[in-house]
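Structural overview
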There are 4 protein chains.
Amino acid sequence: MSPRSKSQIEEMREKSIRKIYDASLELFASKGYEATSISQIAKKAEISKGLIYNYFDSKLDLLKGLMDSFSTVEAEMMTKVVDEDPRKFLENIFRVFFLELRERSGIWKMIASLSLQKDMYEFIHDMALEKLIVYYELLEQLLDQIGIENPKGEAKLLAAMFDGIGMHYIVISNEYPLDEVEDYLINKYCKHEKLD
Amino acid sequence: MSPRSKSQIEEMREKSIRKIYDASLELFASKGYEATSISQIAKKAEISKGLIYNYFDSKLDLLKGLMDSFSTVEAEMMTKVVDEDPRKFLENIFRVFFLELRERSGIWKMIASLSLQKDMYEFIHDMALEKLIVYYELLEQLLDQIGIENPKGEAKLLAAMFDGIGMHYIVISNEYPLDEVEDYLINKYCKHEKLD
Amino acid sequence: MSPRSKSQIEEMREKSIRKIYDASLELFASKGYEATSISQIAKKAEISKGLIYNYFDSKLDLLKGLMDSFSTVEAEMMTKVVDEDPRKFLENIFRVFFLELRERSGIWKMIASLSLQKDMYEFIHDMALEKLIVYYELLEQLLDQIGIENPKGEAKLLAAMFDGIGMHYIVISNEYPLDEVEDYLINKYCKHEKLD
Amino acid sequence: MSPRSKSQIEEMREKSIRKIYDASLELFASKGYEATSISQIAKKAEISKGLIYNYFDSKLDLLKGLMDSFSTVEAEMMTKVVDEDPRKFLENIFRVFFLELRERSGIWKMIASLSLQKDMYEFIHDMALEKLIVYYELLEQLLDQIGIENPKGEAKLLAAMFDGIGMHYIVISNEYPLDEVEDYLINKYCKHEKLD
DNA sequence: GATGAATGAGACTTCATTCAT
DNA sequence: CATGAATGAAGTCTCATTCAT
């Protein structure tokens with residue numbers, strides 16, 4: 001009766017979901033969530049519209065799933081970044097941030113775009129808020145360890161700088177001197193004995 | 001010959017356009033351009049759907065008009081901010097930025113949101129890009145006059161910080177310590193003899 | 001109290017109505033009645049939309065008025081065409097028909113187009129039907145006087161030929177050999193002693 | 001893998017398209033293309049508005065599809081009409097024309113109506129023009145073989161007569177003596193040794 | 001008489017979602 | 001699991017018509 005083994009079916013599910021996520025991300029990032037239709041996603045993912053509804057209850061549910069899928073990736077990334085030396089730890093954070101921006105700017109762009117519409121997508125807003133708090137605290141702790149004055153205030157500025165750089169990079173794209181800015185920042189915050 | 005005087009008609013037109021702009025801004029800012037319908041705008045503006053098309057050729061044309069209406073306001077603002085003392089000039093920029101963020105966060109939010117979708121709304125992207133360049137240059141010049149090392153790099157960081165603070169304020173809203181950040185920044189950049 | 005004399009007002013009315021008719025005809029003929037908007041008519045006539053409703057109750061009413069305006073012109077024309085000699089009378093009809101087709105093909109086109117939609121514009125259908133009957137009878141009478149066999153049948157064919165030539169001329173326009181066809185027809189029907 | 005077989009799907013598609021075509025033709029013919037709404041077509045076809053857009057990109061695209069669907073039918077018909085004897089060939093053309101007019105006057109009416117609006121629907125104009133040329137040439141050739149004087153001129157008149165009869169039949173409908181006219185024409189053009 | 005701002009019904013079209021197979 | 005035909009609500013936009021002046 002069951003021609004496929006459980007694991008085979010599971011594999012198919014994952015493969016389909018992966019295709020859906022990839023297509024969604026690409027489209028949501030470039031056109032925005034609202035302007036992307038389920039048909040477009042299905043076409044790009046090379047599956048049928050109906051199949052999407054096997055895995056997701058609605059378009060919004062797909063967005064939620066997609067966002068969740070980032071969290072797991074992000075959590076993994078965080079573990080790799082930890083270092084005993086706060087300067088090195090901070091440098092790693094910088095490097096990962098710039099790497100992500102370069103290689104997966106779509107994700108960044110999509111999240112940023114949706115975060116700005118807190119009235120519509122409350123769950124996105126909640127996610128963004130939570131993440132922001134975590135970042136503030138992590139940065140504050142590191143800056144404190146490094147010995148920077150007013151680590152709380154500087155953490156907020158540094159976090160803002162990250163997202164601001166992200167925005168400007170999206171707007172200016174290839175013309176933006178991402179490498180230079182990266183080097184400059186790392187030098188400024190992670191190499192000297194004192195920064196402020 | 002003409003039943004209403006020219007000035008009467010002009011007054012009516014301006015009043016309607018103002019109502020449309022106000023409603024549009026509010027909705028575009030909170031829900032986004034795509035997710036806002038002409039019907040919603042008409043309802044909020046308390047006019048008929050059709051009237052919007054007396055003044056704008058399309059929804060996109062309305063967006064363009066709305067964006068243009070900001071430019072005039074912004075240009076005015078810029079003239080008031082100039083000062084011979086670069087520190088004072090910079091401080092004025094800070095103060096105006098934070099004031100705007102507090103009082104007209106909708107505009108900032110809408111522009112930021114649209115700027116992130118450069119693939120869809122090229123004219124917005126062009127506007128954002130142009131403004132960004134102007135800001136980079138102005139900040140660089142001021143930081144140079146103040147005597148900061150590497151004014152080019154610092155200008156980019158400072159500009160990024162502005163927009164990053166904007167984003168975080170939108171996300172966190174009332175909980176964000178906008179006043180503190182403002183004071184801290186002004187102190188850091190505009191009060192000391194040397195900053196870096 | 002009355003700054004304009006009655007005749008002055010009447011003159012203005014006529015002038016406005018004439019402008020409306022001219023603009024309507026041009027637009028109805030080239031785009032069709034349905035595809036022409038009141039705004040377009042007002043713009044082409046260089047008057048306001050509202051003024052049209054001073055003279056006509058509705059768009060359909062304007063069409064009726066326009067059609068009626070043709071009837072008067074046509075009646076005049078008919079009187080000039082009469083001749084004691086049936087061959088000459090027929091030749092005059094031919095000549096007027098071709099002249100009209102050449103110089104006012106818009107009218108012909110519009111009437112033909114609307115006549116085909118009897119389900120929608122019953123009054124047009126009634127007009128067309130009535131005129132057709134009159135033509136059949138007139139032609140039959142003339143052909144009979146000229147001595148043609150089966151004048152009833154030939155009258156129908158001749159009338160059909162007229163309208164068919166009109167259609168083909170509209171479709172082919174400048175490439176259609178209207179002059180040749182005119183000469184050929186007149187020669188065939190009006191010059192020989194016997195035709196059939 | 002595929003839940004419905006390919007042929008099943010194809011069958012569904014054809015059935016829906018047929019329903020759409022049938023409803024469209026009926027409405028376009030009686031009210032005209034412009035005055036017919038997609039909603040009306042959907043209602044008459046007993047399907048949803050949306051389904052029409054599964055098969056056609058736009059209302060104009062539907063019209064094009066409908067017109068194309070005639071061409072295939074017409075081409076088939078032409079093959080059945082050919083005969084070695086030019087008189088018989090011509091008679092067949094007459095008979096088919098009158099048969100079509102009687103049984104599918106809607107098609108004739110729709111094409112005629114649209115052909116008159118060459119400014120709006122260029123593709124229709126092109127179709128009509130092309131067909132007209134073909135008819136002129138075919139008739140000329142046949143009339144020449146039959147031995148009629150001035151076959152070029154007579155072909156034009158005959159073709160015009162066809163379309164004129166069509167118009168008059170549409171206008172007068174049941175009162176029009178289509179049978180008599182058919183017999184009379186066939187007798188006149190196809191039975192005698194000489195006609196002119 | 002004349003204007004044009006304003007309305008609202010309805011046009012075309014898109015799209016998330018359902019469902020038979 | 002997978003498909004895509006089908007639906008219907010809602011979107012953008014048009015337009016005949018009204019009315020205050």
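Here the structure is a predicted model, which is why all the values come from computation and not from measurement.

This part takes up the overall build of chain A. Across its full length, chain A holds 9 helices and 0 strands. Counted from the first residue to the last, chain A has its helices and strands arranged as α-α-α-α-α-α-α-α-α. Buried positions account for 49% of the 196 residues belonging to chain A. Intrachain contacts of chain A at a sequence separation of at least 6 include 65% that bridge at least 24 residues. Accessible surface computed for chain A: about 10,300 Å², of which carbon and sulfur atoms make up 50%. Across chain A, the centroid of the 26 positively charged side chains sits 7 Å from that of the 35 negatively charged ones.

This part takes up the relation of the copies chain C and chain D. For the pair chain C and chain D, the superposition axis carries a translation of 0.1 Å, the fit reaches an RMSD of 0.3 Å, and the rotation angle comes to 179°. The symmetry that links the two subunits is that of a two-fold axis. When the interface residues of chain C are mapped onto chain D, 100% of them are again interface residues, pointing to one common binding face.

Turning our eyes to something else, we now look at the environment of lysine 43 of chain D. Assignment of secondary structure puts lysine 43 of chain D in helix H2 (residues 38-45). Between the C-alpha atom of lysine 43 of chain D and that of isoleucine 107 of chain D, which follows or precedes it by 64 residues, the distance is 20 Å.

So, about the pattern of salt bridges. Charged atoms that come close allow side chains of opposite charge to pair. Taken as a whole and assessed by the stated rule, the structure comprises 39 salt bridges over all chains. Between glutamate 154 of chain C and lysine 188 of chain D there is a salt bridge, with the nearest N and O atoms lying 2.9 Å from each other. Here lysine 188 of chain D lies in helix H9 (residues 178-191) and glutamate 154 of chain C lies in helix H8 (residues 151-172), a pairing that spans two chains. Residues glutamate 154 of chain C and lysine 188 of chain D agree in their burial class; the two are buried. With its nearest N and O atoms 3.7 Å apart, the salt bridge here joins glutamate 74 of chain D to lysine 131 of chain D. On the criterion of sequence distance, the pair formed by glutamate 74 of chain D in helix H4 (residues 59-81) and lysine 131 of chain D in helix H7 (residues 122-146) is long-range, its members being 57 residues apart. Linked through salt bridges whose partners overlap, the residues forming this network are Glu91, Arg95, Arg102, Asp179 and Glu182 of chain A.

Residue and element names in this part refer to chain D. Taking 1.5 Å of rise per residue, the 23 residues of H4 would be expected to cover 33 Å, and the 34 Å separating its terminal C-alpha atoms lies within 8% of that figure. For H4, every residue scored as buried is listed here: Lys59, Leu62, Leu63, Gly65, Leu66, Met67, Ser69, Phe70, Met77 and Val81. Against helix H1 (6-31), H2, helix H3 (49-55), helix H5 (86-103), helix H6 (105-115) and H7 lie the buried residues of H4.

Turning our attention to the relation of the copies chain A and chain B. For the pair of chain copies, the relating operation is a rotation around an axis with a shift along it. For these two chains of identical sequence, chain A goes onto chain B by a turn of 179° and a shift of 0.1 Å along the axis, with RMSD 0.3 Å. Both copies share a contact surface, since 98% of the interface residues of chain A are interface residues in chain B too.

This next bit is on the interface of chain C and chain D. Contacts between the two partners involve 45 residues from chain C and, on the opposite side, 45 residues from chain D. Taken together, the two surfaces of chain C and chain D that pack against each other cover about 4,100 Å², and 67% of this comes from carbon and sulfur. Remark: the boundary between chain C and chain D carries 3 salt bridges. For the pair chain C and chain D, the number of links is 12 residue pairs in polar contact (both at pLDDT 80 or more). For the side of chain C that touches chain D, the secondary structure elements donating two or more residues are helix H1 (6-31), helix H6 (105-115), helix H7 (122-146), H8 and helix H9 (178-191) of chain C. With 15 residues, H8 of chain C is the largest single contributor of residues to the side of chain C that touches chain D.

Tallying the contact residues gives 46 residues for chain A and 45 residues for chain B. Taken together, the two surfaces of chain A and chain B that pack against each other cover about 4,100 Å², and 67% of this comes from carbon and sulfur. For the chain A face of the interface with chain B, the top three residues by lost area are Leu116, Val171 and Tyr184 of chain A, together amounting to 17%. Taken together, the links from chain A to chain B amount to 12 residue pairs in polar contact (both at pLDDT 80 or more). Contributing elements (two or more residues each) for the side of chain A that touches chain B: helix H1 (6-31), helix H6 (105-115), helix H7 (122-146), helix H8 (151-172) and helix H9 (178-191) of chain A. Split by residue class, the side of chain A that touches chain B holds 24 nonpolar, 11 polar and 11 charged.

Here the largest pocket is characterised by a volume of approximately 1,200 Å³. In terms of lining residues, the largest pocket is bounded by 40 residues, among which Glu74, Trp108, Ile111, Lys131 and Tyr135 of chain A are the most central. Those elements that provide at least two residues to the lining of the largest pocket are H1, helix H4 (59-81), helix H5 (86-103), H6, H7 and H8 of chain A together with helix H8 (151-172) of chain B. Tallying contributions element by element places H4 of chain A first for the lining of the largest pocket, with 11 residues. The residue inventory of the lining of the largest pocket, partitioned by class, reads 27 nonpolar, 5 polar and 8 charged.

A separate point is the environment of glycine 32 of chain B. Here glycine 32 of chain B lies in the loop between helix H1 (6-31) and helix H2 (38-45). Its relative accessible area of 4% is what places glycine 32 of chain B among the buried residues. For the pair glycine 32 of chain B and glutamate 84 of chain B, spaced 52 residues apart in the sequence, the C-alpha separation amounts to 40 Å. In this structure, glycine 32 of chain B is in contact with Gln117 of chain A together with Leu27 of chain B, ignoring residues within four places of it in sequence.

Turning next to unusual backbone geometry. Outside of glycine, negative phi angles account for most residues, and trans bonds account for most peptide bonds. Despite not being glycine, asparagine 150 of chain A has its phi angle at roughly 50°, a positive value. On the secondary structure map, asparagine 150 of chain A appears in the loop between H7 and H8. Positive phi is not limited to glycine here, since serine 173 of chain D has a value of about 45°. You can see serine 173 of chain D is positioned in the loop between helix H8 (151-172) and H9.

Glancing now at the packing of aromatic side chains. One pass over the structure, following the stated rule, counts 32 aromatic pairs over all chains. Relative to tyrosine 33 of chain B, the ring of phenylalanine 28 of chain B has its centre 5.2 Å away and its plane inclined at 65°; by these criteria the two rings are edge-to-face. Taking the relative accessible area as the measure of exposure, phenylalanine 28 of chain B reaches 2% and is therefore buried. By relative accessible area, tyrosine 33 of chain B is classed as buried at 10%. Ring geometry for tyrosine 21 of chain D and phenylalanine 56 of chain D: centres 5.6 Å apart, planes at 45°, overall tilted. Residue tyrosine 21 of chain D is located in helix H1, and its partner phenylalanine 56 of chain D is located in the loop between H3 and H4; the two are separated by 35 residues in the primary sequence. Side by side, tyrosine 21 of chain D and phenylalanine 56 of chain D carry an identical accessibility label, which is buried. An aromatic cluster of at least three residues, connected via ring pairs, comprises Phe94, Phe97, Phe98, Phe162 and Tyr189 of chain A. One residue, lysine 64 of chain B, lies across the ring of phenylalanine 123 of chain B, its end atom 5.2 Å from the ring centre.

What counts and what doesn't
- Residues numbered from 1 in each chain as written.
- Chains lettered and ligands numbered in written order.
- Predicted model: local features only at pLDDT ≥ 70, side-chain atom pairs only at ≥ 80, totals over all residues.
- Heavy atoms only, no water.
- Helix = DSSP H or I, 4+ residues; strand = E, 2+ residues; numbered from the N terminus.
- Buried < 20%, exposed > 50% of the residue type's maximum accessible area, 1.4 Å probe, protein only.
- Contact = heavy atoms within 4.5 Å.
- Areas by Shrake-Rupley, 256 points an atom, 1.4 Å probe, with all protein chains shown as cover.
- Lys, Arg positive; Asp, Glu negative; His and termini not counted.
- Charge placed at Lys NZ, Arg CZ, Asp CG, Glu CD.
- Least-squares fit on C-alpha atoms with pLDDT ≥ 70 in both.
- Salt bridge = Lys/Arg side-chain N within 4 Å of Asp/Glu carboxyl O.
- Expected span 1.5 Å × (residues − 1).
- Buried area = accessible area lost by both parts, 1.4 Å probe.
- Polar contact = N/O pair within 3.5 Å; in protein donor to acceptor, adjacent residues only side chain to side chain.
- Nonpolar A, V, L, I, M, F, W, Y, C, P; charged D, E, K, R; others polar.
- 1 Å grid on protein atoms, 1.4 Å probe; cavity = no way out; pocket = protein on both sides within 12 Å on 5 of 7 lines; lining within 4 Å.
- Points joined across faces, edges and corners; volume = space filled by probe spheres on them.
- Phe/Tyr/Trp six-rings, centres within 6.5 Å; stacked < 30°, edge-to-face > 60°.
- Lys NZ or Arg CZ within 6 Å of the ring centre and 35° of its normal.

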